[in-house]
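What follows is the residue order along each chain.
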Amino acid sequence: MKYTLLLSTCLLLSACVTKPTEHADIVISNATIVDVKTGELNKEQSLAIRDGVIIERSSHSLKNNYIVEQHIDANDQFIMPGLWDMHVHFGGGKELIAENKQLLPLYIAYGITTVRDAAADLSESVLSWREQVNNNQLVGPTIYTSGPKLEGKDSIWPGDLEVETVEEMNAAIDSLDEMNVDFIKITDSALTPALYLKAVKEVKKRGYQISGHIPFSLSVTDVSNAGLDAIEHMTYLLKAAAINEPEISKKVASGELSYRSALPIITENIDKKTALSKYAVLANNNTAVVPTLIGGQVIAYIDEDNHQNDEFLNYLGEGLKATYQWRVDRANKDTPEQIKQRKERFIKTAQLLVLAQQAGVSIIAGTDAGFLNSYIYPGISLHQELAIFSDYGLTPLQTLQSATLAGPKFLGKSEQFGELSKGKTADIIFLSDNPLIDVRNTQKLTGVVSHNRYYDQADLAQLKAQAKQLANN
Ligand SMILES: [Zn+2]
C-alpha cells in the first residue's frame, strides 16, 4: 500500500523525494571510521544516533533519511569508539568531594568516555555520580565502580571494607552486592594470603569480576588459578618474570628481605622464558593486566621533570594537588643509586608488555589517575599511558584495543561497546589524524559524542576552561 502511494508521488514529481518520518538526535556524515577490531579504515561513513545509541550506519549519507536534530560533517576526520580509562580513583576525604566531582568533565574533554573507579574513600559519591551521568544530570564519562575494596584489618588505605574472618568477608561482599557495584577490588596491605584466596573464590562464586593487588607471598599464577580476573599494576608481572621469584617471595614472607630491598633483586633476575611461561598461564585463565605504567614513569624520572610547570595543574583544586606530595617526598629521598635503579626498573617493567601481549594476556589501559598518584592527571594521562604502550613495542592497533576493547571485555560489555555500528552505544571521538599510524594522534581530538551529546572543539575547550575556573575558586 505504502509502496503504491510512494510510486504515485514519484510519478507526479520530477524528483522523487521521500520525506523522513523517523527522528535522529545526531547524524554524522563523511567520517572515516577506525575499526579497532581489525585495524581497517572505512571512509565516507555516516552514523545516525538516537538516545545515545547508533541506530544506523551507512556508506551513504543519512542526513536526509531522518528528521535530524544535529548534523555533523566529520569532513573526512577519523572517528573511533571513545577511550576507556580502566583504573582511576576518586578520593582524599569528604572535604575533597567537590574537587573530585570537578574532574568528571575533564575526562570528556580528553576523549575518555568511560572510567572504571578502582576504589577509594568516596564510594558513596561515586555511586551517585554514576547514576547522575547515566541520567544526563552530570557531564562526565560513564562510570563503573568497585565501591570500597576488600582489605584486612588496619588497611593502609582509608575507605576499605576491612575483614579478618570468612564471616566478615561474606558480610562485606553482601554489602557490595547491595551497593550494586560493577566489579570487586581486593588489595593485600593487611589481608592474609589465605583469606585473600578465599575471597577471590567467593567473589567468583557470586558471579562478579574481581581485580586487585597480589600478596607478595603468592605468585601471579596462584591468584590467576584462584580466579582473579585482572591484575592491577605491571609490577606484579615484573616479579613473576624473575627466574628466582619463589625464593624471593619466601624471603619476603619470612622477613629476611623487605619489599623495597627485594625490588632490585627482582629487576636483576628478569628472564624472558620465565615471563612467557607465567604469562601463558594468565592468558589461559583469562586473567588480564592493567599495567598503569604512567605513574611509574613519572616517579622514576621525577629528578628530571618535577612537573611544576604542567598546564594541567591549573585544572586541579588545591586539596587534590596536596595529596600528590607524599609520593614526591618519598622519591626525593632516593639516593643516586636508587634513582638509577628506579629508572632501570621502569624500563624493564615496560619492556615486559610485549611479552604479555605475545603470550596472549589481555592488556587493559588504565592510569591510576586521581588523588595521591602524583601528576597522573585525569584524562590526559590515558593518552600518555597509550604512548608508553606504543613506545615499548605494542602496535598502534594493539594499543587502541587496550583502551577500547579490553575494558568492555573485562566488564562483560562487549555487546554494547568497542565498535561504531548499529545497536552500539554512541561513545565516539573525532581525531584529525590517523591513530593507526601514530597512537599519539589520539591527542589530536576535535570532538566527542557522549551520552547523546556532541562536543565540538570549542565545547571541549570550554570544559577545560570551566575546570580552571573552579580550581581557582
Ligand atoms: Zn590504583
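Residues numbered from 1 in each chain as written. Predicted model: local features only at pLDDT ≥ 70, side-chain atom pairs only at ≥ 80, totals over all residues. Heavy atoms only, no water.

**A short note on the nonpolar core**
The criterion, for reference: Among buried residues, the Ala, Val, Leu, Ile, Met, Phe, Trp, Tyr and Cys ones that are joined through side-chain atoms within 4.5 Å form a nonpolar core. Think of it in three bands: residues with accessible area under 20% of the maximum for their type are buried, residues over 50% are exposed, and the middle band is partly exposed, with areas taken using a 1.4 Å probe on protein chains only. Either an automatic procedure or a domain database provided the assignment from which the domain bounds are taken. Contact criterion: two residues are considered in contact whenever any of their non-hydrogen atoms come within 4.5 Å of each other.
In this structure, Leu150, Ile184, Tyr196 and Tyr279 are the most contacted members of the largest nonpolar core, which totals 112 residues. Built from parts of two domains, this core gets at least three residues from each of domain 1 (24-80 + 420-472) and domain 2 (82-411). Residues contacting Ile184, with those up to four places away along its chain left out, are Ser146, Leu150, Ile173, Leu176, Val203, Tyr208, Gln209, Ile210 and Ser211. Of all hydrophobic cores here, the second largest spans 16 residues; its members include Ile26, Leu47, Leu420 and Phe430.

**Some thoughts on the coordination of the zinc ion**
Note the threshold: Donor atoms are limited to N, O and S found within 2.8 Å of the metal ion, a distance that becomes 3.2 Å for Na, K and Ca. With water left out, some sites might look partial. A run of H or I in DSSP counts as a helix once it spans at least four residues, and a run of E counts as a strand once it spans at least two, with each numbered from the N terminus.
The protein atoms that coordinate the zinc ion are His87 (NE2), His89 (NE2) and Asp368 (OD), at distances of 2.0 to 2.1 Å. Spacing between the donor residues of the zinc ion along the chain follows H-x1-H-x278-D. Taken together, the residues span a long stretch of sequence, with His89 in the loop between β6 (83-88) and α2 (97-101) and Asp368 in the loop between α16 (353-359) and α17 (380-391) at a distance of 279 residues.

**Details of the packing of helix α5 (residues 166-179) against helix α6 (residues 193-205)**
Short version of the rule: Here the axes come from fitting lines to C-alpha atoms, over the contacting stretch only for helices, and the angles between their N-to-C directions go from 0 to 180 degrees. Angles below 35 degrees are treated as roughly parallel, those above 145 as roughly antiparallel, those between 65 and 115 as roughly perpendicular, and all remaining angles as oblique. Here a crossing is called left-handed whenever its near helix is offset anticlockwise from the far helix by less than a right angle, and right-handed whenever the offset is clockwise. In the scheme used here, Gly and all other residues not listed as nonpolar or charged are polar, with Ala, Val, Leu, Ile, Met, Phe, Trp, Tyr, Cys and Pro taken as nonpolar and Asp, Glu, Lys and Arg as charged.
One way to put it is that α5 packs onto α6 with a least axis distance of 11 Å and a crossing angle of 40°. One element, α5, and the other, α6, form an angle in the oblique class. The crossing of α5 and α6 is right-handed. Contact residues: α5 offers Val166, Met169, Asn170 and Ile173, while α6 offers Leu195, Lys198, Ala199, Glu202 and Val203. The residue makeup of the contact of α5 with α6, split by class, is six nonpolar, one polar and two charged.

**Let's talk about the sheet that holds strand β8 (residues 142-145)**
Selection criterion: Strands were regarded as paired on the criterion that DSSP finds at least two bridges between them.
Within the open sheet, the three strands sit side by side as β6-β7-β8. Their pairing is parallel. The open sheet has two edge strands with one neighbour each: β6 and β8. Each strand of the sheet is rotated relative to its neighbour by a mean of 20°, with strand direction disregarded. Looking at chain direction, strand β7 (residues 112-117) and β8 are connected through four bridges and run parallel.

**Some remarks on the pairing of β8**
In plain terms, the rule: Call a crossover right-handed when, viewed with both strands pointing away from you, the route from the first strand across the helix to the second goes clockwise.
Across the two faces of β8 the burial is the same, with Thr142 and Tyr144 and Ile143 and Thr145 all buried. In this fold, β7 hands off to helix α4 (residues 123-134), which returns the chain to β8; that crossover is right-handed.

**Considerations on the environment of His233**
Examined against the element boundaries, His233 turns out to sit in the loop between β13 (230-232) and α8 (235-240). Of the residues examined, His233 reaches a relative accessible area of 12% and is grouped as buried.

**Structural notes on the packing of aromatic side chains**
We count it as follows: Aromatic pairing here means that ring centres of Phe, Tyr or Trp (its six-membered ring) are within 6.5 Å. Orientation follows from the plane angle: under 30 degrees is stacked, over 60 is edge-to-face, and everything else is tilted. Note on criteria: charge over ring means Lys NZ or Arg CZ within 6 Å of the ring centre, with the direction from the centre no more than 35 degrees off the ring normal.
On inspection of all chains with the given rule, the structure shows 14 aromatic pairs. Considering the side-chain rings of Phe90 and Trp129, the 5.6 Å spacing of their centres and the 80° angle between planes classify their relative orientation as edge-to-face. Separated by 39 residues along the polypeptide, Phe90 in the loop between β6 and α2 and Trp129 in helix α4 bring together distant segments of the chain. Phe90 gets classed as buried once you look at its relative accessible area, which sits at 1%. Of the residues examined, Trp129 reaches a relative accessible area of 3% and is grouped as buried. Ring plane angle 20° and centroid distance 4.8 Å describe the contact between Phe312 and Tyr377, whose orientation is recorded as stacked. Of this pair, Phe312 sits in the loop between α12 (293-300) and α13 (318-323) while Tyr377 sits in the loop between α16 and α17, placing them 65 residues apart in sequence. Its guanidinium or amino end placed over the ring of Phe410, Arg116 lies 5.1 Å from that ring's centre, counting from NZ or CZ.

**Things to note about the pattern of salt bridges**
Put simply, the test is: The salt bridge criterion pairs a side-chain nitrogen of Lys or Arg with a carboxyl oxygen of Asp or Glu, the two atoms within 4 Å.
Enumeration according to the criterion identifies 23 salt bridges in this entry. For the salt bridge of Asp229 with Lys204, the shortest nitrogen-to-oxygen distance reads 2.7 Å. Residue Asp229 is found in the loop between α7 (220-226) and β13, and its partner Lys204 is found in helix α6; the two are separated by 25 residues along the sequence. When its relative accessible area of 27% is taken as the criterion, Lys204 is described as partly exposed. With its nearest N and O atoms 3.0 Å apart, the salt bridge here joins Arg342 to Asp334. Residue Arg342 shares its accessibility class with Asp334, and that shared class is buried. Taken together, the shared-partner salt bridges connect Arg260, Asp303, Glu304, Asp334, Arg342 and Lys343 into one network.

**Notes on the domain arrangement of the protein chain**
Our working rule: As used here, buried area is the combined drop in accessible area, with a 1.4 Å probe, of two parts when they are placed together.
In terms of domains, the protein chain is made up of domain 1 (24-80 + 420-472) and domain 2 (82-411). For domain 1 versus domain 2, the distance between C-alpha centres works out to 29 Å. The interface of domain 1 with domain 2 comprises 32 residues on the first partner and 35 residues on the second. Carbon and sulfur atoms supply 65% of the area that domain 1 and domain 2 bury against each other, a total of about 2,700 Å² over both sides. Applying the counting criterion to the domain 1 and domain 2 interface returns two salt bridges. Across the salt bridge formed by Asp391 and Arg440, the nearest N and O atoms sit 2.9 Å from each other. Only β15 (428-431), β16 (445-450), β17 (453-456) and α20 (457-471) provide two or more residues apiece to the side of domain 1 that touches domain 2. Considering every element that reaches the side of domain 1 that touches domain 2, the biggest residue donor is α20, with seven residues. For the side of domain 1 that touches domain 2, the residue count by class is 18 nonpolar, seven polar and seven charged.

**Considering the pairing of strand β2 (residues 41-50)**
Looking along a regular strand, one sees side chains alternate from face to face of the sheet. In the sheet, strand β1 (residues 23-34) pairs with β2 via six bridges, with the strands oriented antiparallel. Of the residues in β2, the one forming a bridge with Val27 is Ala48. Here β1 folds back onto β2 in antiparallel fashion, the turn holding six residues, of which Gly39 has a positive phi close to 80°. Relative to strand β3 (residues 53-58), β2 is paired through five bridges, and the arrangement is antiparallel. Within β3, the residue paired with Ala48 across the bridge is Glu56. Counting the residues between successive antiparallel strands, the hairpin from β2 to β3 contains two residues, one of them, Asp51, with a positive phi of roughly 50°.

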